[in-house]
Amino acid sequence: RGENLTAMDDKYLKRKVMSLKVRCPHKAEGCKWQGELGDLEQHLNSAKGCRFVDVDCPFSCGERVQRRNLEEHKSQHCPKRPFACQYCNHEATFQEVTKEHWPVCE
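For clarity, every value in this text was computed on a predicted model and none was experimentally measured.

**Thoughts on the overall build of the protein chain**
Now for step 1: Scanning the protein chain for helices and strands turns up 4 helices and 6 strands.
Now for step 2: Walking the protein chain from its N terminus toward its C terminus, one meets helices and strands in the order α-β-β-α-β-β-α-β-β-α.
Now for step 3: Relative to the 2.2 N^0.38 estimate, which gives 13 Å for 106 residues, the radius of gyration of the protein chain is 23 Å and therefore markedly larger than a compact globule would have.
Now for step 4: With the C-alpha coordinates aligned to their principal axes, the bounding extent of the protein chain is approximately 85 × 25 × 15 Å.

**Digging into the side chain of H26**
Now for step 1: Assignment of secondary structure puts H26 in the loop between β1 (21–23) and β2 (34–36).
Now for step 2: If we ignore the near neighbours within four places in the chain, the residues touching H26 are C31, L44, C50, F52 and V53.

**Remarks on helix α2 (residues 37–45)**
Now for step 1: Taken together, the buried positions of α2 are occupied by L40, H43 and L44. All buried residues of α2 lie within an arc of 90 degrees about the axis, which places them on one face of the element. Opposite the packed face of α2, turned more than 90 degrees from it, sit the exposed residues E41, Q42 and N45.
Now for step 2: In this structure, the buried side of α2 is in contact with β2.

**Things to note about the environment of L37**
Now for step 1: In this structure, L37 sits in helix α2.
Now for step 2: Excluding its chain neighbours within four sequence positions, the residues that come into contact with L37 are V17, M18, L20 and V22.

**Quick word on helix α4 (residues 94–101)**
Now for step 1: Among the residues of α4, V97, T98 and H101 are the ones counted as buried. Axial view of α4: buried residues confined to an arc of 120 degrees, hence all on one face. Set apart from the buried face of α4 by more than 90 degrees, the exposed residues are K99 and E100.

**What to know about the pattern of salt bridges**
Now for step 1: Under the definition given, this model contains 3 salt bridges.
Now for step 2: Among the salt bridges present, the one from K21 reaches E36, with a minimum N-O distance of 3.6 Å. Of the two residues, K21 sits in strand β1 while E36 sits in strand β2, which places them 15 residues apart along the sequence.
Now for step 3: The exposure class assigned to E36 is partly exposed, which follows from its relative accessible area of 31%.
Now for step 4: When the shortest N-O distance is used, the salt bridge between E71 and K74 registers 3.2 Å. Pair noted here: E71 and K74 are both in helix α3 (residues 70–77), with a separation of 3 residues, about one helical turn.

About the criteria used
Residues numbered from 1 in each chain as written. Predicted model: local features only at pLDDT ≥ 70, side-chain atom pairs only at ≥ 80, totals over all residues. Heavy atoms only, no water. Helix = DSSP H or I, 4+ residues; strand = E, 2+ residues; numbered from the N terminus. Rg over C-alpha atoms; globule rule 2.2 N^0.38 Å. Contact = heavy atoms within 4.5 Å. Buried < 20%, exposed > 50% of the residue type's maximum accessible area, 1.4 Å probe, protein only. Arc of directions from axis to C-beta. Salt bridge = Lys/Arg side-chain N within 4 Å of Asp/Glu carboxyl O.

None of this, on its own, says anything about what the molecule does.
Right, dumping it as structure tokens:
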């Protein structure tokens, strides 16, 4: 065999490697997932995947938070989350309403 590897050999080796059992790289942070190497990318990148992966805030505030904390960030901490003035219902970001709008709201 030696130097005469074929495409079939490559596919066989790829299947063997991709079926190796692995643990999530976020195990130390608390993720208990373990599975085949071929499923790891989906675990890390799908919306319902690893809750310990850092993801970008969808409101473009520049923060990266663990997926498990994203909803709390979006609803309570993000300065760019949608927000309405409690006095006149003017809608903008939390930061814009509280810093710029409230001082001039009538």
